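Results of the structural survey
Chain by chain, the residues run as shown.
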Amino acid sequence: MNPMVIESPVTKVSEGRTGRLGGPPVRASSWHERFLTKFKARRPGAYTFQMTFKTVLAAELNPIQTNAWLCAGVAPRPIAFASTVDAKGVRNLAPFSFFNAFGSNPPMVAFAPNRRGRDGTVKHTYLNATATKEFVIATVSHAMVQQMNVASAEYGDGVDEFLKSGFTPLEARFVKAALVAESPFQMECRLHREVELGTGPGSGLMLIGEVLCFHVDEALMKGELPDPARLDQVGRNGGAYYTRAFGDALFEIAKPAGQPIGWEALPAVLKQSHLLTANDLGRLANSAELPDLSAMAAKAGDPTDAEGLEKALQAALRNEDLGEAWRLVGLRVKG
Ligand SMILES: Cc1cc2nc3c(=O)[nH]c(=O)nc-3n(C[C@H](O)[C@H](O)[C@H](O)COP(=O)(O)O)c2cc1C
């Protein structure tokens, strides 16, 4: 049965510069940003755009379709490479991207080895973790993805999935389940609670675990913590897509300093710019206070035209030179 699709039930009309996408550092524009630019080109001078949403009713989807929609939108998801043992001590290893951390005092993580969408049967990881009340969660780095994929296949009872996938088991400190020698970051966990989220095919079986210890490859430490730039972690997106947190894909954002001035405090002329992106404006809106724009002085070599000023302002923002950015805002506002 095809899901019921409601075309255009919601029309969102946004004033100003909302809807522009792209994260710092902005290099190539995203598909969505290019779409919006085209849209604006067709409607020159318009600062209002319409976004049409397609709405799919969850109740009309079967479990396999529902899973596909969830995975498309809840992405990228971190991957728990869960290591468990069965009652006979046979090792099991499988990836689960319905996974996250949920508390730090005590430290709690949860992942969901769910009932199979096909027939509602349960997975080895679920059986092992609930029987032994413990598991190891290993991070998947990019160097591990092909072997991880091998581990994700459905093997019969009693198959050692370390052997199948070629990963190296290492003795853990607190639990019987093995560590994965190739993984740069791992957690030994004790089962805290199991939460059943339904009984039919595809329903959730969430396992919450208390973290007993963290292990990290010492070579990847930066000061007191693992270096995000060198863990090379992989996440799961919709379909068969993955994300690699590496190189330019990683970026930093300054935390809001107290209560930022907010979007509404930004001069209208900036919100109407065709050059400044929503991220540029968002960076300004994150300022701790609104400087006196009338006091901003010009310097030799400053551009004198609106576009030149906005380009210089954008460059200052992307260099994280907020003082210079506000000076240029002052000049731009003066016109
Ligand atoms: C990257 C990735 C993420 C996955 N995430 C999940 C998940 O969150 N929940 C789930 O039930 N299955 C998930 N799977 C499928 C399981 O890994 C697969 O069913 C596996 O065979 C389970 O193994 P087991 O029976 O040894 O526990 C995922 C597979 C891959 C490749």
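Check the entry above for the structure.
To start, this report covers the structure provided alongside it. In this convention, every chain numbers its residues from 1, walking through the sequence in written order. Local features in this predicted model are restricted to residues whose pLDDT is 70 or higher, and side-chain atom pairs enter the listing and the counts only when it is 80 or higher, whereas totals over whole chains, interfaces and linings include all residues.

**Description of the overall build of the chain**
Labels follow the DSSP assignment, with helices taken as runs of H or I lasting at least four residues and strands as runs of E lasting at least two, numbered in each case from the N terminus. Within the chain, the secondary structure is distributed over 10 helices and 16 strands. For the exposure call, what matters is how many other C-beta atoms sit within 10 Å of a residue's own: 20 or more marks it buried, 12 or fewer exposed, and in between partly exposed, using C-beta atoms placed from the backbone. Looking at the chain as a whole, 26% of its 335 residues are labelled buried. Pairs at least 24 residues apart make up 65% of the contacts formed inside the chain by residues separated by at least 6 positions. The contact criterion used is a C-beta to C-beta distance within 7 Å, with each C-beta placed from the backbone.

**Quick notes on the pairing of strand β12 (residues 205-216)**
A pair of strands is considered paired only if DSSP assigns at least 2 bridges between the two. Note that strand β7 (residues 107-111) and β12 share four bridges and pair antiparallel. Looking at the pairing, Phe111 lines up with Leu207 of β12. Note that strand β11 (residues 185-196) and β12 share 11 bridges and pair antiparallel. Opposite Phe185, over in β12, you have Val216 as the bridge partner.

**A few points about the nonpolar core**
Note on soluble globular proteins: their nonpolar side chains tend to be buried together. Buried Ala, Val, Leu, Ile, Met, Phe, Trp, Tyr and Cys residues whose C-beta atoms connect them within 7 Å together make up a nonpolar core. If you look at the biggest cluster of nonpolar residues, it comprises 36 residues, and the most contacted ones within it are Ala80, Phe81, Ala82, Phe96, Phe111, Val136 and Ile137. With sequence-adjacent residues up to four places away left out, Phe111 is seen in contact with Ala80, Ala82, Phe96, Phe98, Phe99, Ile137 and Leu207. Counting residues in each nonpolar core, the second largest holds 14 residues, with Leu266, Leu313, Leu328 and Val329 among its members.

**Details of unusual backbone geometry**
Cis geometry marks the peptide bond from Ala75 to Pro76; its omega dihedral reads -5°. In the Ramachandran plot, Glu320 falls in the positive-phi region, its phi being about 60° despite a non-glycine side chain. Along the chain, the position of Glu320 falls in the loop between α9 (306-318) and α10 (322-334). Residue classification places Glu320 among the exposed residues on the basis of 12 C-beta atoms within 10 Å.

**Some points on the site of the ligand**
Close contacts around the ligand come from 18 residues, with Ala94, Phe98, Lys123, Thr125 and Ser152 the closest. Each residue gets one of three labels, nonpolar for Ala, Val, Leu, Ile, Met, Phe, Trp, Tyr, Cys and Pro, charged for Asp, Glu, Lys and Arg, and polar for the others, Gly among them. Class assignment of the residues belonging to the shell around the ligand gives a composition of eight nonpolar, seven polar and three charged. Each residue receives a C-beta atom placed from its backbone. It is near a molecule or strand if this atom lies within 6 Å of it.

**A look at the pairing of β7**
Here five bridges tie strand β6 (residues 99-104) to β7, and the two strands are oriented antiparallel to one another. Looking across to β7, one finds that Ser104 is bridged to Pro107. Remark: two residues form the turn of the hairpin made by β6 and β7, two consecutive strands paired antiparallel.

**Let's talk about α9**
Expected helix span is given by 1.5 Å per residue-to-residue step, counting one fewer step than there are residues. Under the 1.5 Å per step criterion, the end-to-end length of α9 is 18 Å for 13 residues, consistent within 8% with the ideal 18 Å. Those residues of α9 that sit buried are Leu309, Glu310, Leu313, Gln314, Ala316 and Leu317. In a view along the axis of α9, the buried residues occupy a sector of 160°, so they form one face of it. Once α9 finishes, Glu320 follows within two positions and takes phi at roughly 60°, a positive value. Within this analysis, the arc is defined by the directions that extend from the helix axis to the C-beta atoms.

**Details of the sheet that holds strand β5 (residues 91-96)**
Judged by pairing direction, the sheet is antiparallel, and its seven strands sit side by side in the order β5-β4-β8-β11-β12-β7-β6 without closing on themselves. Strands with a single pairing partner mark the edges of an open sheet, and in this sheet they are β5 and β6. For this sheet, the mean angle separating the axes of adjacent strands, direction not counted, is 35°. Examined bridge by bridge, strand β4 (residues 80-85) and β5 share six bridges and lie antiparallel to one another. Residue pairing across strands places Val85 opposite Arg91, the latter belonging to β5. Comment: axis = line fitted to C-alpha atoms, over the contacting stretch for helices; angle = value between 0 and 180 degrees taken between N-to-C directions.

**Some points on the sheet that holds strand β15 (residues 234-236)**
Spatially, the three strands line up as an open sheet ordered β3-β15-β16, and their pairing is antiparallel. Two strands bound the open sheet, and with one partner strand each, they are β3 (77-78) and β16 (242-244). Bridge count for β3 against β15 is two bridges, and the pairing is antiparallel. Along β15, the bridge assignment pairs Arg77 with Arg236.

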